[in-house]
Amino acid sequence: MRLYNTLTRAVEEVVPVEPGHVKMYACGPTVYRYAHLGNLRTYMLADLIRRALRLEGFRVTLVQNITDVGHMTDESSPEAIDKMLLAVEDEGLQPLEIAEKYTRSVFEDAAALGIDEPDMSPKATEHIPEMIGLTKTLIDREHAYVVDNGSVYYDVASFDGYGKLSGNTLDKLREGHRDLETDPRKHHPADFALWKAAGPGRLMKWPSPWGDGFPGWHVECSAMSMEYLGDRIDIHTGGTDLRFPHHEDEIAQSEGAVGHRVVSIWVHGGHLRQAGQKIAKSTGNVVRVQDLVDRGIDPLSFRWLCFQTQYRSEMDFSWDAMETADQRVKQLRRRMAGWAPAAEASSDEAVAFDGRFRAALADDLSFPAAVRVVNELVSSTAVPGGEKYALLADWDRVLGLDLQREAVAAWSPTEEMRALMKERDEARAAKDYATSDRIREQLTSMGVEVMDTATGTQVRPRD
Ligand code: AMP
Ligand code: ZN
């Protein structure tokens, strides 16, 4: 599996530090507002990388944080307000209630889009001690300094590689900040807060060695990624806007604390736009999962739409393209329902298609190429329908389009299966478990999954 690494500006092979086990960290949602399809495209990217790696046989651990404190309206200004607290004012709820409301909503939206849950979803507010610990380490290692009001800043000049990810080196930043108002207590305008002193009346604050305060935004990702994945992380993802300052600062923090490279491959997803403008709440062009549902579009079809564009490119959202994608996904499911599944796709032609599909994913997650393989397979005259079914069902582990939905709904057990199911229920009623187990095996060997339900034995096709 090869991925484009923003840090080295090259496509690189994924070679996990722990052989066979890929450790991934994805920057996650800020939970003071609803997620839009742009955010979700970026969260989907992390899951797609995980799915593609699993298809190649890797074990993958994906950690994605939940930002429930410290995301400010303007990171560079001392007057900035925590966006979480703005939502508290707007909605008349407590910070915890706001966080719960939007965390639940982002998980529901992600599930509707077939984005599997991360293996761990740590919350910033539950990792304040780890962030304080990291801040202390950075002070000890002379990468950070305390200012008189009880805030702690990272000293960017103390970190040699500052700017290596984004190209925003210190000289360029000093130029850029000349006219900007920044905290006069900072040594360099690009110095950023690891810990911020709590102003009067601040709701979310914690005690620390420097007084009551709250963490800066960037520090949560360094602290939580290293807490759960250790100090060698294979892949880190986020949207392209996070390259700077968020990820640049994360590198400075993590590497400053441990003294060596922490993340091997930085992957950044392109923005979702509408009519040429980035989708963002501030632009007022937000499209949500609910908007798809309201128009009768299966949210999973958004995946197919995303697959038409390379993940690194900006992607334009239009309702026309969305409708077309939805029609295609529904058509694919109908085609699947017309084929009787083969046990395996073993013809030479099918094997060749499989190779091409996997090669496309392995080549920097080239979904547009993978989609072409899907389309060619569906219309191919060389591969029998049953084998097409078997291939698509297997690829759906990555595509996540629920391609078997119609086939499964249209499916019913054969006469022979029905007779066995009845015989098994009778055996179970007579507590003859040897016979019931033998029949279970017989049914299983016919390619179905056997379930014990309140109404007796049920079967369904195995995926
Ligand atoms: P935020 O809630 O703004 O911190 O964004 C959460 C994630 O969504 C980050 O990884 C952002 O880079 C990403 N993101 C924000 N806007 C877009 C967009 N229009 N298209 C794609 N990703 C986005
Ligand atoms: Zn992050």
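Details of the structure are given in the entry above.
From a predicted model like this one, the values you see are computed outputs, not experimental measurements.

(A) Region of the structure containing helix α15 (residues 415–429). For α15, built from 15 residues, the straight-helix expectation of 21 Å at 1.5 Å per residue is met to within 8% by its first-to-last C-alpha distance of 21 Å. Of all the positions in α15, only Met417, Leu420, Met421, Arg424 and Ala427 are classed as buried. All buried residues of α15 project into a common sector of 125 degrees when viewed along the axis, lining one side. For α15, the exposed residues set more than 90 degrees away from the buried face come down to Glu415, Lys422 and Ala429. Looking at the buried positions of α15, the neighbouring elements they touch are α16 (433–444), β14 (448–453) and β15 (456–461). Looking one or two residues past α15, lysine 431 carries a phi angle of roughly 55 degrees, positive in sign.

(B) Just the sheet that holds strand β13 (residues 315–317), in detail. Sheet architecture is open: 3 strands sit in the order β12-β11-β13, paired in mixed fashion. The sheet is open, and its two edges are formed by β12 (277–278) and β13, each paired on a single side. As paired strands, strand β11 (residues 272–274) and β13 are joined by 3 bridges and run parallel to one another. In the strand pairing of β13, leucine 272 is matched with methionine 315.

(C) Expanded view of the site of ligand 1. Surrounding ligand 1, one finds 17 residues, the nearest of these being Thr30, Thr42, Asp241, Leu272 and Ile279. In this structure, an oxygen atom belonging to ligand 1 sits 2.5 Å away from a side-chain N or O atom of threonine 30. Burial of ligand 1 by the surrounding chains reaches 94%, relative to a free accessible area of 490 Å². Where the shell around ligand 1 is concerned, the elements lending two or more residues are α1 (37–55) and β9 (233–239). Of all the elements, α1 adds the most residues to the shell around ligand 1, at 4 residues. Of the residues belonging to the shell around ligand 1, the class tally is 4 nonpolar, 10 polar and 3 charged.

(D) Up close: the nonpolar core. Counting residues in hydrophobic clusters, the biggest one holds 75 residues, and the most contacted among them are Leu37, Ile49, Leu53, Ile235, Phe302, Phe317 and Trp395. Considering each element in turn, this core owes the most residues, 11 residues, to α1. When residues of this core are assigned to domains, at least three map to each of domain 1 (2–141 + 155–165 + 217–273) and domain 2 (295–410). Each residue touching phenylalanine 317, except ones within four places of it in the same chain, is listed here: Leu37, Leu272, Arg273, Gln274, Val287, Leu292, Phe302, Leu305 and Met322.

(E) Region of interest: the environment of leucine 305. Tracing the backbone through its elements, the reader meets leucine 305 in helix α9 (residues 301–307). We classify leucine 305 as buried; its relative accessible area is 6%. Residues leucine 305 and isoleucine 128, spaced 177 residues apart in sequence, show a C-alpha to C-alpha distance of 39 Å. Discounting chain neighbours no more than four positions away, the residues touching leucine 305 are Met315, Phe317, Ala321, Met322 and Ala325.

(F) Representation of the coordination of the zinc ion (ligand 2). Within the first shell, the zinc ion (ligand 2) binds the protein through Cys27 (SG), Cys221 (SG) and His246 (NE2), at distances of 2.1 to 2.2 Å. Here the donor residues for the zinc ion (ligand 2) map to a single chain with the spacing C-x193-C-x24-H. Linking cysteine 27 in the loop between β3 (21–26) and α1 with histidine 246 in helix α7 (residues 246–258), this pair joins segments that are 219 residues apart in sequence. The exposure class assigned to cysteine 27 is buried, which follows from its relative accessible area of 6%. With a relative accessible area of 1%, histidine 246 lands in the buried category.

(G) Highlighting the packing of aromatic side chains. All chains considered together, the criterion is met by 7 aromatic pairs. A ring pair is formed by tyrosine 34 and tyrosine 102, whose centres lie 4.9 Å apart and whose planes are at 75 degrees; its orientation type is edge-to-face. Note that tyrosine 34 is positioned in the loop between β3 and α1 and tyrosine 102 in helix α3 (residues 95–112), a separation of 68 residues in sequence. For tyrosine 102, a relative accessible area of 5% corresponds to the buried category. Measuring from centroid to centroid gives 4.4 Å for phenylalanine 307 and phenylalanine 367, while their planes differ by 15 degrees, and the two rings are stacked. A residue pair is termed long-range when its members are at least 10 positions apart, and phenylalanine 307 in helix α9 and phenylalanine 367 in helix α12 (residues 367–379) qualify at 60 residues. Phenylalanine 367 sits in the buried class, given a relative accessible area of 4%. Positioned above the aromatic ring of tyrosine 34, the side-chain terminus of arginine 288 is 3.8 Å from the ring centre. In this structure, arginine 312 is placed above the aromatic ring of tyrosine 4, and the distance from its NZ or CZ to the ring centre is 4.1 Å.

Conventions adopted
- Residues numbered from 1 in each chain as written.
- Chains lettered and ligands numbered in written order.
- Predicted model: local features only at pLDDT ≥ 70, side-chain atom pairs only at ≥ 80, totals over all residues.
- Heavy atoms only, no water.
- Helix = DSSP H or I, 4+ residues; strand = E, 2+ residues; numbered from the N terminus.
- Expected span 1.5 Å × (residues − 1).
- Buried < 20%, exposed > 50% of the residue type's maximum accessible area, 1.4 Å probe, protein only.
- Arc of directions from axis to C-beta.
- Contact = heavy atoms within 4.5 Å.
- Pairing = 2+ DSSP bridges.
- Near = heavy atom within 4 Å.
- Polar contact = N/O pair within 3.5 Å; in protein donor to acceptor, adjacent residues only side chain to side chain.
- Areas by Shrake-Rupley, 256 points an atom, 1.4 Å probe, with all protein chains shown as cover.
- Nonpolar A, V, L, I, M, F, W, Y, C, P; charged D, E, K, R; others polar.
- Core = buried A, V, L, I, M, F, W, Y, C linked by side-chain atoms within 4.5 Å.
- Domains from an automatic or database assignment.
- Donors = N, O, S within 2.8 Å, 3.2 Å for Na, K, Ca; no water.
- Phe/Tyr/Trp six-rings, centres within 6.5 Å; stacked < 30°, edge-to-face > 60°.
- Lys NZ or Arg CZ within 6 Å of the ring centre and 35° of its normal.

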